[in-house]
Each structure stands twice: as structure tokens, then as C-alpha cells.
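Okay, here's what each chain looks like letter by letter:
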Amino acid sequence: MIDVAAVGKPLAGIIGRKPRVGDALVTRPGFGYTGLVFKLYYNNELDKWIDVKAVREGIEILRRPKPELGMLNDLLRYRDCISASMDSSDGLGKVLWTMSIDGGVKIVVNELPVNDEFLNSVSSITDINIEEIVFNGGEEFLPVFSIKGNCIPEFEKLGFKPFATVEDGNGVYFKGSILRYRGWDYFIGWSST
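This is a predicted model, so every value here is computed, not measured.

Student: Honestly, the overall build of the protein chain in this entry has me stumped. Any pointers?
Tutor: When you go through the protein chain residue by residue, the secondary structure sums to 7 helices and 9 strands. Here the C-alpha coordinates of the protein chain stretch approximately 45 × 35 × 35 Å along the principal axes. Considering the protein chain as a whole, with its 193 residues, one finds that 45% of them fall into the buried category. Relative to all contacts within the protein chain whose residues are 6 or more apart in sequence, the contacts with residues 24 or more apart total 83%. Carbon and sulfur atoms provide 52% of the accessible area of the protein chain, an area that totals close to 10,800 Å². The distance from the centre of the 22 positive side-chain charges to the centre of the 26 negative ones in the protein chain is 3 Å.

Set out below in C-alpha cells:
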């Protein structure tokens, strides 16, 4: 394994983990790929589904992650739109719960941040819970931003998808119920309540 660390000074101040009420949460619609690979691997079914396009892409993402460094300059133009940000490598569920707790807000997930190609590709795989792999499986280099509602069009032009809203209250909700998926924990694996 090769790991890299960088230290830098922010140009426009630090972005924390506290979203504002009224914000939208946005990310790239690329969730599910690595969570799918991990789930199949831990269920000893990876070889059975190795020819499925989403599985092959998930393996490639794990082998050779590709950060979109060019996106950083675009994001600097919209710094005033962003109230919170987190990396999703420990799972989308962990990001949402951390933002909810740290910000003292309620987060309502309106749709899964996945793309149609992924959904079509995994439709042939039996016994896979899409929600579990999206919320518990982390994706390298897919940031989640909390942004002002009027900034959504600019972020959509950059390839981001609004998938959740920030409201008064606390907790994380999906489909009218509290989100039970909590992301990845190094000591216990995938976690849910």
C-alpha cells in the first residue's frame, strides 16, 4: 500500500462538519461501487459476480482511485456556498451521522447518490441491499458538501447531485425512518443500529 499525506494552509478558512438548516447535501453520484465489492468479498461471492460491470468498476476504483484534482479550483470559486464538508471513505452513513450530531441538525436523505449505470448493472445480483452498500461502503475521493440551496445549479454543473436536505431537529432519516446504517468502523466492520 502506498499512502500520501499533505499539509496546507486553507486559502479561505476552514470548512467544518456543521451544516446549516436549509442547506442541501450534494455529492457526485458515484456511491455503491466499492461497497458492493466489499460486501461480495466478505460474503465469499466476489468470484460469482466478477463479470458484472459494477463489480469490475468497483475493483478498479479500489485498485487505482482517481482523485479529481482539477475540481478543486472550481470549488474555490464557490467557497461561500459551502458550510460543511466531509470525505466519504468511511461510508456515507458515517458522514451523515457525523454532520447531524456535530451540527445539531436533522438530515433527510431524499434519494441515493448513485448513477443509473450502477443500478442497472447490479440489478442481476441477488441478495444485495443497495441501501446497505451505499450507506456503509465508503468511496474514496467522493466528498459530501452542505451548500446553500441557491448554489445547487452551480454544483450540478460541476457534476454534483443534491441528495439530502438539512432541517431543524436531529438524526438522519431515509424513507420516513431513522437511518440505521452508520458506515464503516475499523474495529467492528459495517455498522448499523
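Student: I'm lost on helix α4 (residues 92–103) in this one. Help?
Tutor: Residue pairs three or four apart in sequence face the same way in an α-helix, which turns once every 3.6 residues. Compared with an ideal rise of 1.5 Å per residue, which puts 12 residues at 16 Å, α4 spans 16 Å between its outermost C-alpha atoms and is within 8% of the ideal. Within the span of α4, buried status applies to L92, G93, V95, L96, W97, T98, M99 and S100.

Student: Quick question: what am I supposed to make of the state of the cysteines here?
Tutor: A covalent bond bridging the sulfur atoms of two cysteines is what the word disulfide describes. Within the structure shown, the criterion is met by 1 disulfide. What pairs with C81 in a disulfide is C151, and their sulfur atoms sit 2.1 Å apart. Judged by the torsion about the S-S bond (-75°), the C81/C151 disulfide is left-handed. Taken together, the positions of C81 in the loop between α3 (70–77) and β2 (82–87) and C151 in the loop between β4 (143–147) and α7 (152–157) put the pair 70 residues apart, joining distant regions of the chain.

Student: What's the story with the nonpolar core in this structure? I'm lost.
Tutor: Soluble, globular proteins show a tendency: their nonpolar side chains are buried together. Ranked by internal contacts, the top residues of the largest apolar core, which has 39 residues, are L36, L96, I125 and F135. Top element by residues in this core is α4. It accounts for 5 residues. Apart from the residues within four sequence positions on either side, L96 is in contact with L25, I107, V109, F135, F163, V172 and L179. Listed in part, the 14 residues of the second largest apolar core include A24, C81, I147 and L158.

Student: How do you make sense of unusual backbone geometry when you look at a structure like this?
Tutor: A negative phi angle characterises most non-glycine residues, just as the trans form characterises most peptide bonds. The phi angle at F141 is positive, at roughly 65°, despite the residue not being glycine. In this structure, F141 sits in the loop between α6 (130–136) and β4. For F141, a relative accessible area of 41% gives the class partly exposed. Phi at K175 takes a positive value of approximately 55°, unusual for a residue other than glycine. Along the chain, K175 turns up in the loop between β6 (171–174) and β7 (177–178).

Student: Teacher, can you tell me more about the pairing of strand β5 (residues 161–167) here?
Tutor: Consecutive side chains of a regular strand alternate in pointing toward one face of the sheet and then the other. Pairing of strand β1 (residues 24–27) with β5, which is carried by 4 bridges, proceeds in the antiparallel orientation. Bridge pairing in β5 links L25 to A164. Inspection of the sheet shows strand β3 (residues 106–109) paired to β5 by 4 bridges, in the antiparallel sense. Considered in β5, the bridge of I107 is made with V166.

Rules behind the numbers
- Residues numbered from 1 in each chain as written.
- Predicted model: local features only at pLDDT ≥ 70, side-chain atom pairs only at ≥ 80, totals over all residues.
- Heavy atoms only, no water.
- Helix = DSSP H or I, 4+ residues; strand = E, 2+ residues; numbered from the N terminus.
- Buried < 20%, exposed > 50% of the residue type's maximum accessible area, 1.4 Å probe, protein only.
- Contact = heavy atoms within 4.5 Å.
- Areas by Shrake-Rupley, 256 points an atom, 1.4 Å probe, with all protein chains shown as cover.
- Lys, Arg positive; Asp, Glu negative; His and termini not counted.
- Charge placed at Lys NZ, Arg CZ, Asp CG, Glu CD.
- Expected span 1.5 Å × (residues − 1).
- Disulfide = S-S within 2.5 Å.
- Core = buried A, V, L, I, M, F, W, Y, C linked by side-chain atoms within 4.5 Å.
- Pairing = 2+ DSSP bridges.

Everything listed here is a matter of coordinates, which is why it stays silent on function.
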